[in-house]
Amino acid sequence: MTASPRIPAMDVLRGCAVMGIVWMNITAFALPQNAYFNPAVAGSPSAGDIAFWAVSLIFVDGKMRGLFALLFGASMLLLIDKEEMAGHDGRRTQMIRAGWLFVIGCAHFFLLWWGDILRVYAIASLFALLFVHLQPLDLVKRAFLFFLLQFLLVTAFIGSLYLWGHAATGVDASAATREGFAAFMAVLSDPADPATQVEIATYRSGLSTILQTKLAGFPTDWLWGLLFNGFETLGFMLLGMAMLKGRFLTGGWDAEQYRRTARHCFLIGVPPMTALALWAWWSGFAPLPTYGAALAWSLPFRIPLTVGWAALILWLLARHKDNPLVGRIAAAGRMTLSNYLGTSLVMTAIFYGWGLGFFAHVRPAVLPLFVIGAWAAMLLWSQPYATRFAMGPAEWLWRSLSQGKVQKIRRSG
């Protein structure tokens, strides 16, 4: 998703991020939205379903999205520096690119998939421009301020649900309060809930019905998405800028430094995330513990785990940079936007009613097979394509729109 100069280490990180995010997004492609957080929404979960959910929660959810945002923030700096070296206004260029990315994100949302992240990145990047001049330590401080704001927001939301539940179970609670709370909790956990069944029917139907549903939810659904992701995304962008200035993301550290960083980050993040997963499981996937774990209580640990993933990937790259697989992953990273949008096209064609119509017909335990298929496709097409073309088709469209003229896509010679 970048027009910045090519840095091999960052291409590999992008490739891993776009592959990793498929793991988490596959649930949202194949099942009702609330199954993303709670496996009980897909029906009584088997051991395999629970294992898939637990691995996703502990290791993937929010971490790959965070890695994307780290790289996006770093790419902004590279682009601004490149433009200013050429005598242009780097910030204006980034604002134009963000505007067109927002447009692409809107098309992605309405025509393909409700889980689009491009719009959030476009908006957050405009605010990130206010901080590009800061030194690494100051960027880190601002990043953690935004992480704190995000944590307070989601904690307030989960806390309000607990207060609502307390009021609904009180002796003085009205029938409307009890019924309203019970209905909301059913949406979050009961596969037979009418709202969940309507959602299943919608996504098993045609494109026009799906589009009408999205239009009906506009702009409320967008505002909720921005509320639950905006500050966190901005924080990761600023952290990515700091990590670029500190040469972390460019592969400038030695392998042992990356190994130690990965080890420390995973030791910090994995045990509490495992505890949260166990808590949700022991509760029988009750709505409040399960959604609290996914939305709020896991947020502080997503930060070290995101950095840990970056460090682990760069450590492996330092040790195996000549492995043929590395070249394929880097090529996938050079086509990040194309791979991201292409995944949505293929997966919605498989699961939605305008395609094969497998929506809510596949158990969570089976979803990794679709993930492996998507990974194989990315690795197979990206490298041969990159040898003939300078950028992916979506990257070409984005750059052509941003620069106001058709860009050359074929490589010279």
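This one's a predicted model, so the numbers in the text were calculated from it and none came from an experiment.

Peer 1: When you look at the overall build of the chain in this model, what are you seeing that I'm missing?
Peer 2: Within the chain one finds 17 helices and 0 strands. For the chain, the C-alpha radius of gyration of 21 Å lies close to 22 Å, the compact-globule estimate for 413 residues. Counting only C-alpha atoms, the chain reaches 70 × 45 × 40 Å along its principal axes. When burial is assessed residue by residue, the chain has 53% of its 413 residues classed as buried. The long-range fraction of contacts in the chain, counting pairs at least 24 apart against all pairs at least 6 apart in sequence, stands at 78%. When the accessible area of the chain is evaluated, it comes to approximately 17800 Å², of which 69% is carbon and sulfur surface.

Peer 1: Got a minute to help me understand the packing of helix α4 (residues 90–111) against helix α9 (residues 207–216) in this structure?
Peer 2: Helix-helix packing is described using two parameters, namely the angle between the two axes and the distance between the axes. At a minimum axis distance of 8 Å, the contact between α4 and α9 shows a crossing angle of 120°. Here α4 lies oblique to α9, going by the angle between them. Residues Phe109, Phe110 and Leu111 of α4 form the contact with α9, whose own contacting residues are Leu207, Leu211, Lys214 and Leu215. Counted by class, the contact of α4 with α9 contains 6 nonpolar, no polar and 1 charged residues.

Peer 1: Would you explain the packing of aromatic side chains in this entry?
Peer 2: Geometry of an aromatic ring pair is reported as the spacing of the ring centres plus the angle between the planes. Enumeration over the complete set of coordinates arrives at 35 aromatic pairs. Ring plane angle 10° and centroid distance 6.0 Å describe the contact between Phe146 and Phe231, whose orientation is recorded as stacked. Of this pair, Phe146 sits in helix α6 (residues 136–169) while Phe231 sits in helix α10 (residues 220–245), and the two are 85 residues apart along the sequence. Assessed through its relative accessible area of 11%, Phe146 is described here as buried. An aromatic cluster is built from Phe102, Phe109, Phe110, Phe218 and Trp222, whose rings are joined through pairwise contacts. Its end group placed over the ring of Phe109, Lys214 keeps NZ or CZ at 5.5 Å from the ring centre.

Peer 1: Looking at this model, I keep getting lost on the side chain of Ser125. Mind explaining?
Peer 2: Examined against the element boundaries, Ser125 turns out to sit in helix α5 (residues 118–128). Judged by its relative accessible area of 0%, Ser125 is buried. Within the structure, Ser125 has its side chain in polar contact with the backbone oxygen of Ala122 (distance 2.7 Å). The contact partners of Ser125, leaving out residues within four places of it in the chain, are Phe72, Met76, Gln94, Ala98 and Met237.

Peer 1: Whenever I open this one, the environment of Phe351 confuses me. Can you help?
Peer 2: Here Phe351 shows up in helix α15 (residues 336–351). What makes Phe351 buried here is its relative accessible area of 0%. Along the chain, Phe351 and Val366 lie 15 residues apart, while their C-alpha atoms are 13 Å from each other. Residues in contact with Phe351, not counting those within four places in the same chain, are Ile26, Phe29, Ala30, Tyr203, Gly357, Phe358, Phe359, Val362, Leu367 and Phe370.

Criteria and cut-off values
- Think of each chain on its own: its residues are numbered from 1, step by step along the sequence as written.
- Whole-chain, interface and lining totals are the exception, using all residues; otherwise, since this is a predicted model, local features are given only for residues with pLDDT of at least 70 and side-chain atom pairs are given and counted only at 80 or more.
- Derived side-chain values reflect all non-hydrogen atoms in the structure, with water molecules and hydrogen atoms excluded from consideration.
- Where helices and strands are cited, they refer to DSSP runs of H or I of at least four residues and of E of at least two residues respectively, numbered from the N terminus.
- A radius of gyration in this sense is built from C-alpha atoms; the matching globule rule multiplies 2.2 Å by the number of residues raised to 0.38.
- Summary of the burial criterion: residues with accessible area below 20% of their type's maximum are buried, those above 50% are exposed, and those between are partly exposed, where the area comes from a 1.4 Å probe applied to protein chains only.
- Whether two residues touch is decided by their heavy atoms; if any such pair falls within 4.5 Å, the residues are in contact.
- Residue exposure ignores everything except the shown protein chains as possible cover, and the areas themselves are Shrake-Rupley values with a 1.4 Å probe.
- Angles shown run from 0 to 180 degrees and are taken between the N-to-C directions of axes, each axis being a line fitted to C-alpha atoms and, for helices, limited to the stretch in contact.
- Here roughly perpendicular refers to angles of 65 to 115 degrees, roughly parallel to angles under 35, roughly antiparallel to angles over 145, and oblique to all remaining angles.
- Basically, the charged four are Asp, Glu, Lys and Arg, the nonpolar ten are Ala, Val, Leu, Ile, Met, Phe, Trp, Tyr, Cys and Pro, and anything else, Gly included, counts as polar.
- Any two of the Phe, Tyr and Trp rings considered here, Trp counted by its six-membered ring, make a pair once their centres fall within 6.5 Å; the pair's planes then place it as stacked at under 30 degrees, edge-to-face at over 60, or tilted in between.
- Only when the NZ of Lys or the CZ of Arg is both within 6 Å of the ring centre and within 35 degrees of the ring normal is a charge said to sit over the ring.
- Side-chain atoms alone can form a polar contact between residues adjacent in sequence; in general such a contact is a pair of N or O atoms within 3.5 Å, and within protein one must be able to donate a hydrogen while the other accepts it.

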